[in-house]
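Here is what each chain is made of, one letter per residue.
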Amino acid sequence: MGKRVRRRQLLSSLTKKQKQHLRDFGEEHPFFDRVSGKEAKPQICQLSESSDTSNSESESESEPEQVSGYHKLLATLKNASEEEEDEEEEEEEEDSVDDAEVNEEDVSEEEETAAESAEMQEKVTLSAEAEEENHGDGETPGESQKPPAEFTDAKHEALFSLETNFLEEEGGDDCSLKVSQDPFVHHVNKELKEKEVQALPTNPKTTHRLKWPTLGQLVFSSRFQRMETFKPPKDVDLKSLHLQKPLGSTWTKTNGQFMSGPQKSRCPFSPLQKELFLLMNSYRDLFYPERTALGNGEEIRRVYCLHALNHVLKANARVLSNNTRRRSQKPGLSEDDGFRDQGLTRPKVLMVVPFREAALRLVQLFISLFEGDSKKKVVVSNRKRFQSEYGSDPEERPPNLKRPEDYEAVFVGNIDDHFRIGVAVLQRSIRLYAPFYSSDILIASPLGLRTIIGGEGVKKRDCDFLSSIELLIIDQADIYLMQNWEHVLHLMDHMNLLPLDSHGVDFSRVRMWSLNNWARFYRQTLLFGALQDAQINSVFNRFCVNLEGQVAVRNVPGPGSISHVLAQLPHVFQRMDPENLATAIDARFNFFVNKILPQYRDAIMSHTLIYVPSYFDYVRLRNYFKREELNFTHICEYTQKPAVSRARHFFLQGEKQFLLLTERFHFYKRKVAPGRLSS
């Protein structure tokens with residue numbers, strides 16, 4: 001009873017702030033330290049073997065640990081994770097602790113000491129997790145706290161496991177999979193032959209052009225011999241699209257603002273959505289270069305979310321149905337290949353978006369597609385934490401910031417570009433922050449994927465979760481040109497490779513084309529951007545080898561924006577003819593410094609702004625201007641704010657004749673300087 005009395009006295013002597021600091025940092029605040037004249041003798045606790053294996057890696061596992069009195073007190077707070085708001089609740093919590101200790105009087109002294117030491121060690125090593133929980137509840141961590149580590153949900157592993165769950169009989173989720181006309185069934189059951197794969201590098205690409213009412217000019221292409229084309233029907237019925245439950249009933253509610261036609265016979269899609277979904281549902285690769293943030297961006301996001309969720313629900317329904325069949329199968333019977341319904345790893349869909357705001361909207365659409373207008377709410381784990389980390393505070397945005405409408409549409413909400421999150425879907429439940437190898441859908445930015453994939457020579461790197469991706473969606477590809485296009489190329493190089501570890505997979509359930517390392521021929525890639533760029537076209541032509549074929553929208557560009565320039569300025573275009581692509585960069589630089597720049601070096605040609613798309617060309621020009629001792633200033637995306645203000649001031653006042661400006665600075669800042677423009 002002496003120990004319990006001392007603990008209760010220590011609890012009652014601490015204030016609410018002291019208890020909070022003790023729980024967050026494992027010790028009292030230095031301001032409240034009690035200095036004793038005697039030197040406290042350290043206590044050595046021998047940890048049990050079980051505690052060593054349950055804790056995270058530590059450098060001091062093999063050494064005896066010094067445990068202070070505060071850590072002893074901290075161990076008693078394990079079951080009191082929430083702080084009481086008033087003194088009456090604190091007394092009730094102390095009474096509950098006393099009752100729990102009375103029930104443990106029969107435990108021997110040695111067992112109690114070992115349990116306490118293991119409990120103390122667990123509390124100390126999990127202090128970072130306590131900080132993350134406080135952050136998820138909306139509390140701001142202290143300034144002295146380290147940034148929390150990447151969080152993954154480990155509590156709901158069994159609830160969302162495909163191996164241990166079965167299909168609900170009342171749901172009837174597998175009824176659509178039995179229909180032979182279902183594009184999903186037709187696609188995953190299609191078998192490739194070894195001869196077709198070997199002849200693929202030498203096969204010429206066959207193309208066919210069609211014009212659709214809304215999308216315009218389409219180019220169907222394929223390196224496989226069997227290429228089929230089709231035209232969109234006038235009317236589309238949701239039943240004919242083979243949507244998995246409950247998407248058939250919730251889609252009309254979610255997409256209400258884009259539905260077209262009269263009220264009674266309204267089409268569930270807009271004209272653009274209808275044609276896009278027909279192409280997506282045929283499991284062909286798709287490149288659509290006319291996505292705009294101000295125009296059709298939200299329409300496109302909704303339709304590819306419908307396709308991604310439909311694919312995941314069908315794939316999971318097939319796995320759960322086979323689990324039920326295997327459970328009812330009589331023991332002793334040999335299993336056939338009819339149960340091959342999985343890939344080498346669980347993630348099926350990868351959605352690449354540039355900012356956290358886009359990831360937030362994707363998850364919100366998933367929830368809306370599950371709920372619709374029904375009263376039954378979807379169970380979403382870690383939803384509050386997700387809102388706090390991926391949402392944005394309107395007060396953080398400067399009130400006087402004025403930018404064009406397209407800038408506001410792109411840089412809305414949380415624009416952090418380093419993130420990745422796993423989403424697990426099981427029937428009518430969603431699990432956010434699922435571990436990657438327990439997720440169905442991965443939502444990430446190119447930078448977030450690059451940091452986990454790593455590069456050659458990096459010890460901690462992992463790309464096995466990309467081995468069985470069946471649907472790759474890259475949205476707003478033009479923004480990645482302004483971030484770092486190398487991250488996109490690095491991602492595509494690691495798609496659908498054979499994993500280095502089995503990750504607990506049941507190989508009797510893996511599809512044969514995954515075992516044959518043919519997953520890239522079954523992966524559908526959806527690529528959306530705002531322009532037809534050579535680098536984006538290269539990714540589509542090089543990495544998209546779907547056996548169903550590829551479809552690209554190739555409309556001739558309409559009137560350009562140059563016709564909307566109000567100021568009467570002459571527009572002069574200079575043409576150069578390089579010998580080949582290898583020497584094009586050097587030829588362009590020499591042409592600029594020898595032919596164009598001398599025309600503007602005269603004193604009367606002041607206020608000349610040189611707009612440089614590439615940072616490497618910008619550095620080359622800056623070094624040339626320094627060698628030639630030209631009167632210039634420069635601004636790039638790495639220039640500090642005071643230097644930007646000085647450069648703009650000198651250029652505006654005419655103290656500097658030239659201003660070098662990079663495209664990325666203009667993209668992220670949109671600050672305009674007056675003067676002539678040359679690029």
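What you are looking at is a predicted structure, and each value in this text was computed from that prediction instead of being measured.

We now examine the overall build of the chain. Helices and strands together make up the secondary structure of the chain, namely 25 helices and 17 strands. Taking contacts inside the chain between residues at least 6 apart in sequence as the whole, the part at least 24 apart equals 74%. For the chain, the accessible surface area stands at approximately 38,000 Å², while carbon and sulfur atoms represent 51% of it.

One open sheet holds the 11 strands; their spatial order is E3-E4-E13-E5-E12-E11-E6-E10-E8-E9-E7, and the pairing between them is mixed. Whereas interior strands pair on both sides, the edge strands pair on one side only; in this sheet they are strand E3 (206–212) and strand E7 (379–381). Between one strand and the next, the sheet's axes are offset by a mean angle of 15 degrees, whatever the strand orientation. Pairing between strand E8 (residues 420–426) and strand E9 (residues 429–432): four bridges, direction antiparallel. Among the inter-strand pairings, Ala424 is bridged to a residue of E9, identified as Arg431. Against the sheet, helix H13 (residues 356–371) makes contact with strand E6 (349–352), E7, E8, E9 and strand E10 (441–444), and its axis sits at roughly 150 degrees relative to E10, the strand it touches most. Packed onto the sheet, helix H21 (residues 534–543) meets strand E5 (285–288), strand E12 (524–528) and strand E13 (550–553) and runs at close to 170 degrees relative to E5.

Moving on: the nonpolar core. Counting residues in hydrophobic clusters, the biggest one holds 62 residues, and the most contacted among them are Phe269, Tyr304, Met351, Ile441 and Ile443. At 10 residues, the largest contribution of residues to this core is made by H13. Not counting the four nearest positions on each side in its chain, Ile441 is found in contact with Leu309, Val312, Val349, Met351, Phe366, Ile421, Gly422, Val423 and Val425.

Bringing the pattern of salt bridges into the picture now. Taken as a whole, this structure holds 20 salt bridges when the rule is applied. The partner of Lys190 in a salt bridge is Glu548, with the nearest N and O atoms 3.1 Å apart. Of this pair, Lys190 sits in the loop between helix H8 (183–188) and helix H9 (194–198) while Glu548 sits in the loop between H21 and E13; the two residues are 358 residues apart in sequence, bridging distant segments of the chain. A residue is classified by how much of its surface remains accessible, and Glu548, at 12% relative accessible area, is buried. One salt bridge in this structure joins Asp416 and Arg356, with 2.7 Å as the shortest N-O distance.

Next up on the list: the packing of aromatic side chains. Inspection of every chain in the model, using the stated rule, returns 24 aromatic pairs. A ring pair is formed by Phe224 and Phe521, whose centres lie 6.0 Å apart and whose planes are at 85 degrees; its orientation type is edge-to-face. Placement of the pair is Phe224 in the loop between strand E4 (216–222) and helix H10 (247–254) and Phe521 in helix H20 (residues 519–522), with a sequence separation of 297 residues. For the pair formed by Phe224 and Phe521, the shared burial category is buried.

Turning our attention to the packing of H13 against helix H14 (residues 383–390). Contact pair H13 / H14: the axes reach a minimum separation of 9 Å and the direction vectors enclose 150 degrees. In this view, H13 runs roughly antiparallel relative to H14, as classed from their interaxial angle. Here H13 and H14 pass one another in a crossing that is left-handed. Residues Arg356, Ala359, Leu360, Val363, Gln364 and Ile367 of H13 touch H14, and the partners they reach there are Arg383, Phe386, Gln387, Glu389 and Tyr390. Split into classes, the residues belonging to the contact of H13 with H14 amount to six nonpolar, two polar and three charged.

This part is about a nonpolar patch on the surface. Side chains of Phe507, Met512 and Leu515 sit close together on the surface and give an oily, nonpolar patch of about 270 Å² of accessible area. In this fold, Met512 is placed in helix H19 (residues 512–515).

Quick look at helix H18 (residues 485–493) now. All of the buried residues along H18 are Trp485, His487, Val488, His490, Leu491 and Met492. Against the buried residues of H18 lie E6, helix H16 (446–453), strand E11 (471–474), helix H17 (477–483) and H21. Among the residues of H18, the N-terminal cap falls to Asn484, whose side-chain oxygen and the backbone nitrogen of Glu486 are separated by 3.1 Å.

Looking at the element boundaries, Pro578 is found in the loop between E13 and helix H22 (584–596). Those residues within four positions of Pro578 in sequence are excluded, and the remaining contacts are Ala584 and Ala587.

Among the structural elements, Val553 can be located in strand E13. Taking the C-alpha atoms as reference points, Val553 and Pro289, 264 residues apart in sequence, are found 6.9 Å from one another. Leaving out residues up to four positions away in the same chain, Val553 has contacts with Leu215, Gln217, Leu218, Phe287, Tyr288, Pro289, Glu290 and Gln532.

Looking now at the pairing of E11. Burial of the side chains of E11 extends over both faces: Leu471 and Ile473 are buried on one face and Leu472 and Ile474 on the other. Where E6 meets E11, four bridges bridge the pair, whose relative direction is parallel. Its bridge partner being in E11, Leu350 is matched across the sheet by Leu472. Alignment of E11 against E12, held across four bridges, turns out to be parallel.

The next thing to look at is the side chain of Asp182. One can find Asp182 in the loop between helix H7 (127–136) and H8. Take Asp182: its relative accessible area is 0%, and that puts it in the buried class. At 2.9 Å, the side chain of Asp182 and the side chain of Lys314 are in polar contact.

The subject of this paragraph is unusual backbone geometry. One can expect most non-glycine residues to show negative phi and most peptide bonds to be in trans. In this structure, the amide linkage connecting Lys245 to the following residue, Pro246, adopts the cis form with an omega of 5 degrees. The topology assignment puts Pro246 in the loop between E4 and H10. Despite not being glycine, Asn517 has its phi angle at roughly 65 degrees, a positive value.

Before going further, it helps to examine the confidence of the model for the chain. Averaged over the chain, the pLDDT score is 78; the fraction of residues at 70 or greater is 72%. Across residues 30–147, confidence stays below pLDDT 50; counting only partners more than four residues off in sequence or on other chains, it has 108 contacts.

Right, let's get into the environment of Pro246. Look at Pro246 and you get buried, because its relative accessible area is 13%. Along the chain, Pro246 and Arg428 lie 182 residues apart, while their C-alpha atoms are 8.7 Å from each other. Beyond its immediate sequence surroundings of up to four residues, Pro246 is in contact with Leu313, Leu369, Phe370 and Arg428.

Attention shifts here to the packing of H18 against H21. Axis separation between H18 and H21 bottoms out at 12 Å; the angle between their running directions is 0 degrees. As far as their axial angle goes, H21 and H18 are roughly parallel. When H18 is examined against H21, the residues Trp485, Leu489, Met492 and Asp493 are found in contact with a partner set consisting of Gln535, Ile536, Val539, Arg542 and Phe543. Classifying every residue of the contact of H18 with H21 by side-chain character gives six nonpolar, one polar and two charged.

What counts, and at which threshold
- Residues numbered from 1 in each chain as written.
- Predicted model: local features only at pLDDT ≥ 70, side-chain atom pairs only at ≥ 80, totals over all residues.
- Heavy atoms only, no water.
- Helix = DSSP H or I, 4+ residues; strand = E, 2+ residues; numbered from the N terminus.
- Contact = heavy atoms within 4.5 Å.
- Areas by Shrake-Rupley, 256 points an atom, 1.4 Å probe, with all protein chains shown as cover.
- Pairing = 2+ DSSP bridges.
- Axes fitted to C-alpha atoms, helices over the stretch in contact; angles between N-to-C directions.
- Core = buried A, V, L, I, M, F, W, Y, C linked by side-chain atoms within 4.5 Å.
- Buried < 20%, exposed > 50% of the residue type's maximum accessible area, 1.4 Å probe, protein only.
- Salt bridge = Lys/Arg side-chain N within 4 Å of Asp/Glu carboxyl O.
- Phe/Tyr/Trp six-rings, centres within 6.5 Å; stacked < 30°, edge-to-face > 60°.
- Parallel < 35°, antiparallel > 145°, perpendicular 65-115°, else oblique.
- Left-handed = near helix turned anticlockwise from the far one by under 90°.
- Nonpolar A, V, L, I, M, F, W, Y, C, P; charged D, E, K, R; others polar.
- Patch = residues over 30% accessible without salt bridge, like charges linked within 9 Å, V, L, I, M, F, W, Y side chains within 5 Å.
- Polar contact = N/O pair within 3.5 Å; in protein donor to acceptor, adjacent residues only side chain to side chain.
- pLDDT = per-residue confidence, 0-100.

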